[in-house]
Amino acid sequence: MKSLIAFLCSVLLVINTSQAQWWKDTEKAEQERSKGMLLLTTEVQIEATTAINHMYNFKFYEAEREFNYLKIKHPNHPLPDFLLGLMEWWKIVPNTDNVLYDEKCLEYMDESIRKAEVIWDDTENPEAAFFMAAAYAFKGRLHSERKHWTKATLAAKNALKYLDKSRSFSDFSPELMFGDGLYNYYFQYVKDNYPLLRPVLWLFPKGDKPKGIGQLEKVSYNAFYTRTEARYFLLQIYGMENMNEKAYELSKYTHETYPDNPFFHRFHARSAFVAGRVAEAEKEAKGILQKIEEHYPGYEGVSGRYASYILGYYAFNYNRDYAEAKKYYQKTIDFATLTNSTKSGYYLSSKLTLGKIASMEKDYDKAIDYFKEVLDDSERKSSQHDEAKKLISETKKLRRKSR
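Structural notes, computed from the coordinates. (Residues numbered from 1 in each chain as written. Predicted model: local features only at pLDDT ≥ 70, side-chain atom pairs only at ≥ 80, totals over all residues. Heavy atoms only, no water.)

1. Examining the overall build of the protein chain
A count of helical and extended segments in the protein chain gives 19 helices and 0 strands. Taken across its 403 residues, the protein chain has 48% of its residues classed as buried. By sequence separation, contacts in the protein chain at least 24 residues apart represent 59% of the contacts at least 6 residues apart. When the accessible surface of the protein chain is summed, it comes to about 21200 Å², and 54% of that surface belongs to carbon and sulfur atoms. (Helix = DSSP H or I, 4+ residues; strand = E, 2+ residues; numbered from the N terminus. Buried < 20%, exposed > 50% of the residue type's maximum accessible area, 1.4 Å probe, protein only. Contact = heavy atoms within 4.5 Å. Areas by Shrake-Rupley, 256 points an atom, 1.4 Å probe, with all protein chains shown as cover.)

2. Topic: the pattern of salt bridges
In total, this model carries 20 salt bridges according to the counting rule given. A salt bridge links Lys 73 to Glu 43, with the nearest nitrogen and oxygen atoms 2.6 Å apart. Pair noted here: Lys 73 is in helix H3 (residues 60–73) and Glu 43 is in helix H2 (residues 42–56), with a separation of 30 residues, a long-range link. You can call Lys 73 partly exposed: its relative accessible area is 31%. When its relative accessible area of 44% is taken as the criterion, Glu 43 is described as partly exposed. Lys 139 is the salt-bridge partner of Asp 110, the closest N and O atoms lying 2.6 Å from each other. Highlighted residues: Asp 110 in helix H5 (residues 102–123) and Lys 139 in helix H6 (residues 126–145), separated in sequence by 29 residues. Connected via shared salt-bridge partners are Glu 43, Glu 47 and Lys 73. (Salt bridge = Lys/Arg side-chain N within 4 Å of Asp/Glu carboxyl O.)

3. Quick word on the packing of helix H11 (residues 227–240) against helix H13 (residues 262–274)
It is the contact of H11 with H13, at a shortest axis distance of 11 Å, that shows an interaxial angle of 35 degrees. The chirality of how H11 crosses H13 is left-handed. In this structure, H11 contributes Thr 228, Tyr 232, Leu 235 and Gln 236 to the contact, and H13 contributes Phe 263, Phe 264 and Phe 267. Across the contact of H11 with H13, the residue classes break down as 5 nonpolar, 2 polar and no charged. (Axes fitted to C-alpha atoms, helices over the stretch in contact; angles between N-to-C directions. Left-handed = near helix turned anticlockwise from the far one by under 90°. Nonpolar A, V, L, I, M, F, W, Y, C, P; charged D, E, K, R; others polar.)

4. Re helix H10 (residues 209–222)
Taking 1.5 Å per residue as the helical rise, H10 with its 14 residues ought to reach 20 Å, and the 20 Å between its terminal C-alpha atoms agrees with that figure. What H10 keeps buried is the set Gly 212, Ile 213, Gln 215, Leu 216, Glu 217, Val 219 and Ser 220. With a side-chain oxygen positioned 3.2 Å from the backbone nitrogen of Lys 211, the residue opening H10 is Asp 208. (Expected span 1.5 Å × (residues − 1). Polar contact = N/O pair within 3.5 Å; in protein donor to acceptor, adjacent residues only side chain to side chain.)

5. Observations regarding the packing of aromatic side chains
Tallying each qualifying case throughout the model produces 32 aromatic pairs. On the numbers, 4.8 Å between centres and 50 degrees between planes, the contact of Phe 58 with Phe 60 is tilted. Judged by relative accessible area, which is 3%, Phe 58 ranks as buried. Seen from their ring centres, Phe 178 and Phe 233 are 6.2 Å apart, and the 50 degrees between their planes marks the pair as tilted. Residue Phe 178 is located in helix H8 (residues 173–193), and its partner Phe 233 is located in helix H11; the two are separated by 55 residues in the primary sequence. Phe 178 sits in the buried class, given a relative accessible area of 9%. Lying over the aromatic face of Tyr 306, Arg 266 brings its terminal NZ or CZ to 5.4 Å of the ring centre. The ring of Tyr 248 has Arg 277 sitting right over it, with the charged end atom 3.9 Å from the ring centre. (Phe/Tyr/Trp six-rings, centres within 6.5 Å; stacked < 30°, edge-to-face > 60°. Lys NZ or Arg CZ within 6 Å of the ring centre and 35° of its normal.)

6. Examining a positive patch on the surface
On the surface, a cluster of positive charge is contributed by Lys 372, Lys 396, Lys 397, Arg 400 and Lys 401. The greatest single-element share of the positive patch, amounting to 4 residues, is contributed by helix H19 (residues 383–402). Of note, Lys 396 is situated in helix H19. Exposure remark for Lys 396: the relative accessible area of 33% places this residue in the partly exposed category. (Patch = residues over 30% accessible without salt bridge, like charges linked within 9 Å, V, L, I, M, F, W, Y side chains within 5 Å. Lys, Arg positive; Asp, Glu negative; His and termini not counted. Charge placed at Lys NZ, Arg CZ, Asp CG, Glu CD.)

7. Let's talk about unusual backbone geometry
Apart from glycine, the bulk of residues carry a negative phi angle, and the bulk of peptide bonds sit in the trans form. Here Asn 242, not a glycine, exhibits a phi torsion of approximately 55 degrees, which is positive. Despite not being glycine, His 295 shows a phi value in the positive range, around 60 degrees. Its location among the elements puts His 295 in the loop between helix H14 (278–293) and helix H15 (301–317). Given the relative accessible area of 69%, His 295 is considered exposed.

8. As for a negative patch on the surface
A grouping of Glu 117, Asp 121, Asp 122 and Glu 124 is seen on the molecular surface, where their side chains present a negatively charged patch. For Glu 124, the location among the structural elements is in the loop between H5 and H6.

9. Quick word on the packing of H3 against helix H4 (residues 78–92)
H4 packs onto H3 with a crossing angle of 165 degrees between their chain directions and a minimal axis gap of 8 Å. The angle between the axes of H3 and H4 places the two elements in the roughly antiparallel class. Considering only the axes of H3 and H4, their crossing is left-handed. In this structure, H3 uses Phe 60, Ala 63, Glu 64, Phe 67, Asn 68, Leu 70 and Lys 71 to contact H4, whose residues at the interface are Pro 80, Asp 81, Leu 83, Leu 84, Met 87, Trp 90 and Lys 91. For the contact of H3 with H4, the residue count by class is 9 nonpolar, 1 polar and 4 charged. (Parallel < 35°, antiparallel > 145°, perpendicular 65-115°, else oblique.)

10. Points about the nonpolar core
Across soluble globular proteins, you tend to see nonpolar side chains buried next to one another. Met 55, Phe 67, Trp 89 and Trp 90 are the most contacted members of the largest nonpolar core, which has 66 residues in total. Per-element tally for this core: the top contributor is H6, with 11 residues. Those residues in contact with Phe 67 that sit more than four places away from it in its chain are Ala 51, Ile 52, Met 55, Pro 80, Leu 83, Leu 84 and Met 87. Counting 39 residues, the second largest nonpolar core, distinct from the first, contains Tyr 314, Ala 325, Phe 371 and Ile 392. (Core = buried A, V, L, I, M, F, W, Y, C linked by side-chain atoms within 4.5 Å.)

Don't take any of this as a statement about function, it's just geometry.
Take a look at the structure:
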């Protein structure tokens, strides 16, 4: 019996020793693979993936809990504060006029920069430069939304400076390409669409719009931390560039991946609408309105405006259900008014169509009132303004004939 016990003890000792050695070997291999960079550590990537998925699916409570856990484990690292700041940004995304989360977003980004600066000053670790580039970029992004052009320009210059410093670490290349892609595309976009900012662009190197789109597409497939951000921008770029099939495919994929993300949901509905996929667009539009009624996080007036217009358009043009069309076009107007979007195309088109329905119902005075409201709210050289003038003239003739 004593011999048996001694044998078992020796076996257990060998097993424990081999396990300890295996763990040491694993840790050493992981250290070599990640080169001491937290971003590349498998454990952190696994933990961050769960939290990031919660964030993009608008499960903010769950995401914040995971991000704060990372902050407890790594109190001096910029990653957790950056992710918490990114979460505040995504609370803004459904309606970028919403300033409620600005201060908190900027505070987290500043804290991420502060921690990254300490690491950079001590070691010139390229991971620290990466976080400074990313945090400054998001600050610039928010300041540009608020038209704080001086702050946005300074943040952009700092982002580019640290982006260059982080290039020495080739393992970050898919993540770094995200910044390059955005810069290449939006340099030309800003130049074309914001003439007042052209003098500022002399401070920056020239961009390349097609190259930027290609870079963002590569990031959307190959990056770990920035792939969904790249998809967010690509959806808007595809829309602006009339790349409608690409917009549809990507919006469908992102919505299926994050079904409770209102931005991806409304882009799916809109892209299906533009692509002529009637049943799909109707289904997604109704789903958006249902989630607004059920108070899902982030589902609010902007998404409601999109969804209501799609349903009103189909009711009027496809189903000839004018009662249903009036209901949804009025919802579009109500959502647009709620979000201060009374210059938007959906708002103006809804009023034009309500005027047409009123004219069809021989309520000419009401029709003319709608058309006059469009004249007041639209730009003088816009198609809606021209159409409203024409419809007022035609409706007045109909009114005279009916008397």
